[in-house]
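Chain by chain, the residues:
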Amino acid sequence: MNNIVLFEPEIPGNTGNIMRTCVATGTVLHLIKPLGFTLDDAHLKRSGVNYIDKLEYYVYDSFDDFAKKNKGVYYYFTRYGRKPHTSFDYTNKEGKNLYFIFGKESTGIPKEILKNDLEHCMRIPMTDNVRALNLSNSVAIVIYEVLRQQNFKGLLFEEPFKGADYLER
């Protein structure tokens, strides 16, 4: 199973957008406190639109609390990573839970966490004109690469509401 983990997210709009992406991709969301907002924040609800009730998500008091409750393979996204996110095989033939961990907008994931698993620290390639991409954009880039490698398992290839032949009609 694919999981997105937000370490101490600060901006409600980013988290709301990530919630929507998780619903669209069938991905579980994990939020590690402290959060820079309340989960009933108006900005969060506006970003997640009316899909939040379809989201599977969990909240943890700390990274240690999260790690004790969730076993699997952890992948960390940091501007200090030396491998691109596309260099890993996410096909998950062993059926392990995969956790894609993103840091808070202002400072990322603490070095104390990253240095324990340098092999799984990665970055999304970009120019030197920016320090980092927007958090919700980064999550979308990564989860769709993961799902592409998994042949978009569980996702629809046809529009379910107006019908597959909508453009022909």
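Up top is the structure these notes are about.
Quick caveat: nothing in here was measured; it's all calculated off a predicted structure.

Some remarks on the layout of surface pockets
Of the volumes computed, that of the largest pocket is approximately 770 Å³. Elements with a contribution of two residues or more to the lining of the largest pocket: helix H4 (111-114), strand S7 (121-123) and helix H5 (135-149). Looking at the lining of the largest pocket residue by residue, the class counts come to 12 nonpolar, 8 polar and 9 charged. There is about 650 Å³ of room inside the second largest pocket. Lining the second largest pocket are 21 residues, and of these Ala24, Thr25, Gly26, Gly154 and Leu155 sit closest to its centre. The greatest single-element share of the lining of the second largest pocket, amounting to 3 residues, is contributed by helix H1 (residues 12-25). A breakdown of the residues in the lining of the second largest pocket according to their chemical character gives 10 nonpolar, 9 polar and 2 charged.

Examining a nonpolar patch on the surface
On the surface, a cluster of nonpolar side chains totalling about 200 Å² of accessible area is made up of Leu39, Tyr57 and Val59. Summarising the element assignment, valine 59 is placed in strand S3 (residues 57-60).

A few points about the environment of glycine 103
By the element assignment, glycine 103 lies in the loop between strand S6 (98-102) and H4. With relative accessibility at 11%, the residue glycine 103 sits in the buried group. With 94 residues separating them along the chain, glycine 103 and proline 9 place their C-alpha atoms 7.0 Å apart. Each residue touching glycine 103, except ones within four places of it in the same chain, is listed here: Phe7, Gly108, Ile109 and Leu135.

Structural notes on the pairing of S6
Across a regular strand the side chains alternate sides, sitting on one face of the sheet and then on the other. Counting buried residues in S6 gives 5 out of 5 residues, a clear majority hidden from the surface. The alternating pattern of S6 places Leu98, Phe100 and Phe102 and Tyr99 and Ile101 on opposite faces, both of which are buried. Bridge count between strand S1 (residues 2-7) and S6: 5 bridges; the pairing is parallel. Along S6, the bridge assignment pairs isoleucine 4 with phenylalanine 100. In the sheet, strand S4 (residues 73-77) pairs with S6 via 5 bridges, with the strands oriented parallel. Each residue of the ladder has a partner; that of tyrosine 76, found in S6, is isoleucine 101.

Some thoughts on the nonpolar core
Nonpolar side chains in soluble globular proteins generally cluster together in the buried interior. By size, the foremost hydrophobic cluster in this structure holds 27 residues, and its most contacted members are Ile4, Leu6, Leu29, Tyr75, Phe100 and Phe102. Secondary-structure elements contributing two or more residues to this core are S1, H1, strand S2 (28-32), S4, S6 and H5. At 6 residues, H5 tops the list of elements feeding residues into this core. Excluding residues within four positions of it along the chain, phenylalanine 102 makes contact with Ile4, Val5, Leu6, Phe7, Phe77, Ile109, Leu135, Ser138, Val139 and Val142. Counting 14 residues, the second-largest nonpolar core is a separate cluster that includes Ile32, Phe63, Ile109 and Leu114.

Topic: the packing of aromatic side chains
By convention here, two paired aromatic rings are described through the distance between centres and the angle between planes. Tallying each qualifying case throughout the model produces 15 aromatic pairs. A ring pair is formed by phenylalanine 63 and tyrosine 74, whose centres lie 6.4 Å apart and whose planes are at 80°; its orientation type is edge-to-face. In this pair, phenylalanine 63 sits in helix H3 (residues 63-69) while tyrosine 74 sits in strand S4, placing the two residues 11 residues apart along the sequence. Of the two residues examined, phenylalanine 63 and tyrosine 74, each falls in the buried class. With a centroid separation of 5.2 Å and an interplanar angle of 80°, the aromatic rings of tyrosine 75 and tyrosine 90 are classed as edge-to-face.

Reading the values: the criteria
The residue count restarts for each chain, going from 1 along the sequence in the order it is written. Totals for whole chains, interfaces and linings use every residue, but because this is a predicted model, local features are given only for residues with pLDDT of at least 70 and side-chain atom pairs only at 80 or more, for both listing and counting. To get the side-chain values, all heavy atoms of the structure are used, and hydrogens and water are removed first. Cavities and pockets were defined on a 1 Å grid built over protein atoms only: a cavity is a set of grid points that admits a 1.4 Å probe from which the probe cannot escape, a pocket is an open set flanked by protein on both sides within 12 Å along at least five of seven lines, and lining residues are those with an atom within 4 Å of any such point. Grid points are joined across faces, edges and corners, and a volume is the space filled by probe spheres set on the points. Working definition: helices are DSSP H or I runs of at least four residues, strands are E runs of at least two. Numbering for both runs from the N terminus. Residues are grouped as follows: nonpolar covers Ala, Val, Leu, Ile, Met, Phe, Trp, Tyr, Cys and Pro; charged covers Asp, Glu, Lys and Arg; every other residue, Gly included, is treated as polar. Patch membership is restricted to residues that have no salt bridge and whose relative accessible area is over 30%. Joining uses 9 Å for like charges and 5 Å for the nonpolar side chains Val, Leu, Ile, Met, Phe, Trp and Tyr. Using a 1.4 Å probe, accessible areas were evaluated by the Shrake-Rupley method; residue-level cover was limited to the displayed protein chains. The rule for a salt bridge is simple: a side-chain nitrogen of Lys or Arg has to be within 4 Å of a carboxyl oxygen of Asp or Glu. Burial here depends on accessible area, computed with a 1.4 Å probe over protein chains only, as a share of the maximum for the residue type. Under 20% is buried, over 50% is exposed, and the range in between is partly exposed. Contacts are assigned to residue pairs that have any heavy atoms within 4.5 Å of one another. Here, a strand pair is defined by DSSP locating no fewer than two bridges between the strands. Side-chain atoms within 4.5 Å link the members of a nonpolar core, which is a set of buried Ala, Val, Leu, Ile, Met, Phe, Trp, Tyr and Cys residues. Pairing of aromatic side chains requires ring centres within 6.5 Å, counting the rings of Phe and Tyr and the six-membered ring of Trp. Pairs whose planes differ by under 30 degrees are stacked, by over 60 edge-to-face, and all others tilted.

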